[in-house]
Amino acid sequence: MAAAAKLGGAGALEAEADFPDEVFMSDLKGLFYPRTPSGKASIVPPVPWHYSGELITLEYRTDPAKIAALLPEGFSLADEDPGAVAAIWADWQSTSDDPAQILDPVRVQYKEMFIVVRCKFQGKTWSRCVYIWVDKEFAMLRGQHQGYPKKLGSIQMSRPVYVGKAGPRLQPGGTFGVTLAAFDRRLAEGRFTITEAAEKPGFVNGLPMAHNRWLPTIETDGTQSLDEVVTMSSFDVELGRCFKGDFDLTYFDSPVEELLDIAPQEKIAGYWHEVGASWRAGTTLARNNLA
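What you see is a predicted model, and the numbers here were worked out from it, not measured in a lab.

Examining the packing of aromatic side chains
Overall, the coordinates contain 10 aromatic pairs when judged by the stated rule. An angle of 70° between the planes, with centres 6.2 Å apart, marks the rings of tyrosine 60 and tyrosine 251 as edge-to-face. Here tyrosine 60, found in strand E3 (residues 49–61), pairs with tyrosine 251, found in strand E14 (residues 235–251); they are 191 residues apart in sequence, far enough to count as distant. Accessibility assignment for this pair places tyrosine 60 and tyrosine 251 in one class, buried. Each ring, one from phenylalanine 176 and one from phenylalanine 192, has its centre 6.3 Å from the other, and the planes form 35°; the classification is tilted. Of this pair, phenylalanine 176 sits in strand E10 (residues 175–182) while phenylalanine 192 is found in strand E11 (residues 185–197), placing the two residues 16 residues apart along the sequence. Taken together, Phe176, Phe192, Phe243 and Trp272 form an aromatic cluster joined through their ring pairs. Here the guanidinium or amino end of lysine 124 rests over the ring plane of tryptophan 126, the centre of that ring lying 4.6 Å away. Geometry around tyrosine 148 places lysine 150 over its ring, the cationic atom sitting 5.7 Å from the centre.

Next up, the structure:
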């Protein structure tokens, strides 16, 4: 028999009657919260995760000093083209190995907008996501597990059409619009127009990712319970159609965002492209967690 406890005055624990041990020894399951005996209620399904999506990538150059200001301790600017940035809109379907998820679209469909730079860590060049917004809670928590600094937002992008006149065609002249908003404010908008077919969608987001995973201690005294640099790579990657073209991109001011600091100064190129990939686990490159 194990002693139970109840909350007393001012949150103090007071002994209560004994209950069977099994009441206090439940094997809770789930990758993320809430953890339950079955794990079914967890916000994030178990790995592996499989992704299929259409992306619009707009590459440009900004002030390298503004990128350096976003890099944490241990990171530095990339040696080559240190001011290069990729602003990416994506329309995803993602699922675990459970085939039933595909038949419940609300659980697998989401959009995101993310901003990628390149940097150096431990003598190697990496891609790094510095800002990212998604429109579903499972995508937000899943990304934070991977080290992406995800927040909720409203993301929209034109879909290609294959019949009728209600959208752009995947051919020269096809023009797509993209928007991002959060907290009732538009943060970014752009246009992309196809000029030609391409083999790959640029270079900024073409390296393994290096991210930080941070969680402040509950004392909120400046120390971190979780303080790691992690990397990750996908498997079963498939690249689909890819088109290159011209674009326009504008960022807007917000009381809770800092996009204007990395606004475009010079365009590189834009891309529409398809990608499929799977992810299971990452690797810790550095760890300074609270002992």
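Let's talk about the nonpolar core
Trp89, Ile115, Trp133 and Tyr251 are the most contacted members of the largest nonpolar core, which has 31 residues in total. For this core, the secondary-structure elements that each account for two or more residues are E3, strand E5 (84–95), strand E6 (109–121), strand E7 (124–134), strand E9 (154–157), E10, E11 and E14.

Remarks on the pattern of salt bridges
For the structure on display, the rule yields 13 salt bridges. Glutamate 257 is the salt-bridge partner of lysine 151, the closest N and O atoms lying 2.8 Å from each other. Residue lysine 151 is found in strand E8 (residues 150–152), and its partner glutamate 257 is found in the loop between E14 and strand E15 (266–279); the two are separated by 106 residues along the sequence. Overall, the relative accessible area of 32% leaves lysine 151 in the partly exposed class. For arginine 186, the salt bridge identified is with glutamate 189, shortest N-O distance 2.9 Å. Residue arginine 186 is classed as partly exposed on the basis of its relative accessible area of 42%. Connected through shared salt-bridge partners, Arg61, Asp81 and Glu266 make up one network.

What to know about the confidence of the model for the protein chain
Summing up the model confidence of the protein chain, the mean pLDDT is 93 and the portion of residues at 70 or higher is 91%. Ignoring residues within four places in sequence, the model shows residues 1–17, a span with pLDDT below 50, making 26 contacts including any to other chains.

The rules behind the values
Residues numbered from 1 in each chain as written. Predicted model: local features only at pLDDT ≥ 70, side-chain atom pairs only at ≥ 80, totals over all residues. Heavy atoms only, no water. Phe/Tyr/Trp six-rings, centres within 6.5 Å; stacked < 30°, edge-to-face > 60°. Helix = DSSP H or I, 4+ residues; strand = E, 2+ residues; numbered from the N terminus. Buried < 20%, exposed > 50% of the residue type's maximum accessible area, 1.4 Å probe, protein only. Lys NZ or Arg CZ within 6 Å of the ring centre and 35° of its normal. Core = buried A, V, L, I, M, F, W, Y, C linked by side-chain atoms within 4.5 Å. Salt bridge = Lys/Arg side-chain N within 4 Å of Asp/Glu carboxyl O. pLDDT = per-residue confidence, 0-100. Contact = heavy atoms within 4.5 Å.

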